[in-house]
Amino acid sequence: MESLIALVNKIQRACTALGDHGEGSSLPTLWDSLPAIAVVGGQSSGKSSVLESVVGKDFLPRGAGIVTRRPLVLQLHRIDEGKEYAEFMHLPKKKFSDFAAVRQEISDETDRETGRCSKVISTVPIHLSIFSPNVVNLTLVDLPGLTKVAVDGQPESIVQDIENMVRSFIEKPNCIILAISPANQDLATSDAIKISREVDPKGDRTFGVLTKIDLMDQGTNAVDILEGRGYKLRYPWVGVVNRSQADINKSVDMIAARRRERDYFQSSPEYRHLSERMGSEYLGKMLSKHLEVVIKSRIPGLQSLITKTISELETELSRLGKPVAADAGGKLYMIMEICRAFDQTFKEHLDGTRSGGEKINSVFDNQFPAAIKRLQFDKHLSMDNVRKLITEADGYQPHLIAPEQGYRRLIESCLVSIRGPAEAAVDAVHSILKDLIHKSIGETSVR
Ligand SMILES: Nc1nc2c(ncn2[C@@H]2O[C@H](COP(=O)(O)OP(=O)(O)OP(=O)(O)O)[C@@H](O)[C@H]2O)c(=O)[nH]1
């Protein structure tokens, strides 16, 4: 089953490499049909902390204000052995083994897209893959935190922009929503719950995560919510205790933080009975398991979509023809080959191997003679008319030997009346030839 998630991860990487980011892509999109987990919540609710805990690594930028300003598509790949490393899609040949450098690159790449303005967000995702023996296979998307008001320097539209971006990810039926709510705030004010309820009213694909349990007021606890009494979701809530800002400042490492989290749940009397299904480690495993189930149920749909897409693309590819050579010699050869093929097809039409040439014959055999016959030559060349024309050509001096001038007039007037049918025949042949050229172009294939 694990290899199934790894396979979906690979397909997602291929989608990204081919520019398929879902809706709006120029190609039929496969990305939207692949399941992924999006992390949503209000600003500073602990989204990045949850992600880092699941990965077990420090690698996300931290600070005040909107830190996550572009969607981060994070793919976790489990490797059997070896040192862990990270790779960005925009830097395909570079392996990062220093995770502080990963954090810096996320920050730099965010700035590259948003023009170094810390108040601006962008919908263009950053793709990061982490390969490690300590992760479960998962695809997670970190999104900017939802806010309620634009603060100093932020554009007025920022609140709506962030909401729209988050909604565009989580409204897709294949998106699993990881709704992060801080336990030290009333759940009724949770941005994550509000938006996830809008797009998934039955809670079929929403997982509730409660952060900052350690920061709750004395005398209060999150047991009601964690046991599903406060706000019922289809899947049980998971509580986590991430590193505090002070821990981050003191560089408390993730292994120590995970151990402390485990101890916290196991030792506190309120949560001890729930400790088996609390914490980031449990969350990671549970999400991976759920993803497996979702992928399994989608396999038939994915298979038929892939088959359909392949056949559509193959049809388009065959319509586009062979690839064009890059060098001048190759291009010239190809043009010559096309001309030769066209010449051959055109000739076949004229010679009768293919249809068309007989129409030209019919113009000269039927249309032209019939039109000539319709001309009234007998009237034109009647004795009276011939006499009249010859006499008129003589003027006041009657001819002595040959009435040449008169004959000339006779021939000229005959030629004038032939002109109409002759031109009509030329036009007919011209239009037949044009049709044959179009037909031959359509039928020319480079053999
Ligand atoms: N004590 C404690 N502090 C936490 C916990 N979770 C997060 N924090 C702190 O809360 C602050 C915000 O956490 P982040 O993980 O950066 O929040 P975020 O939602 O990713 O923030 P944005 O991306 O800016 O929206 C940080 O200082 C964390 O150390 C927790 O469970 N306990």
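Identification of the protein as Dynamin-type G domain-containing protein from Capsella rubella is taken from an unreviewed UniProt entry. Per UniProt, the protein has the following entry under Sequence similarities (unreviewed entry): "Belongs to the TRAFAC class dynamin-like GTPase superfamily. Dynamin/Fzo/YdjA family."

Core analysis: the biggest nonpolar cluster contains 65 residues, and Ile 37, Ala 38, Val 39, Val 40, Val 141 and Val 209 have the highest contact counts within it. Ranked by residues supplied to this core, first place goes to strand β7 (residues 175-182) with 6 residues. Leaving out residues up to four positions away in the same chain, Ile 37 has contacts with Leu 138, Thr 139, Leu 140, Val 141, Ile 176, Leu 178, Leu 287 and Leu 291.

With respect to the element layout, Glu 52 can be found in helix α2 (residues 47-55). Residues Glu 52 and Ser 280, 228 residues apart in the sequence, show an inter-C-alpha distance of 9.1 Å. Glu 52 has contacts with Lys 57, Asp 58, Phe 59, Leu 60 and Met 254, leaving out every residue within four places of it along the chain.

The next point concerns the site of the ligand. Close contacts around the ligand come from 24 residues, with Gly 46, Ser 48, Ser 49, Gly 145 and Ser 244 the closest. When residues of the shell around the ligand are traced back to their parent elements, those giving at least two are α2 and α7 (245-249). The residue inventory of the shell around the ligand, partitioned by class, reads 6 nonpolar, 13 polar and 5 charged.

Of all 6 residues making up strand β1 (residues 36-41), 6 are buried, and the element is well covered by its neighbours. As judged from the 6 bridges shared by β1 and β7, these two strands associate in the parallel manner. From the neighbouring strand, Ile 37 faces β7, where its bridge partner is Ile 176. Where β1 and strand β6 (residues 138-142) come together, 3 bridges link them in parallel fashion. When the bridges of β6 are listed, Ile 37 appears paired with Leu 140.

The rules behind the values
- Residues numbered from 1 in each chain as written.
- Predicted model: local features only at pLDDT ≥ 70, side-chain atom pairs only at ≥ 80, totals over all residues.
- UniProt positions renumbered as here; feature names shortened; annotations may be inferred.
- Core = buried A, V, L, I, M, F, W, Y, C linked by C-beta atoms within 7 Å.
- Buried ≥ 20, exposed ≤ 12 C-beta atoms within 10 Å, placed from the backbone.
- Helix = DSSP H or I, 4+ residues; strand = E, 2+ residues; numbered from the N terminus.
- Contact = placed C-beta atoms within 7 Å.
- Near = placed C-beta within 6 Å.
- Nonpolar A, V, L, I, M, F, W, Y, C, P; charged D, E, K, R; others polar.
- Pairing = 2+ DSSP bridges.

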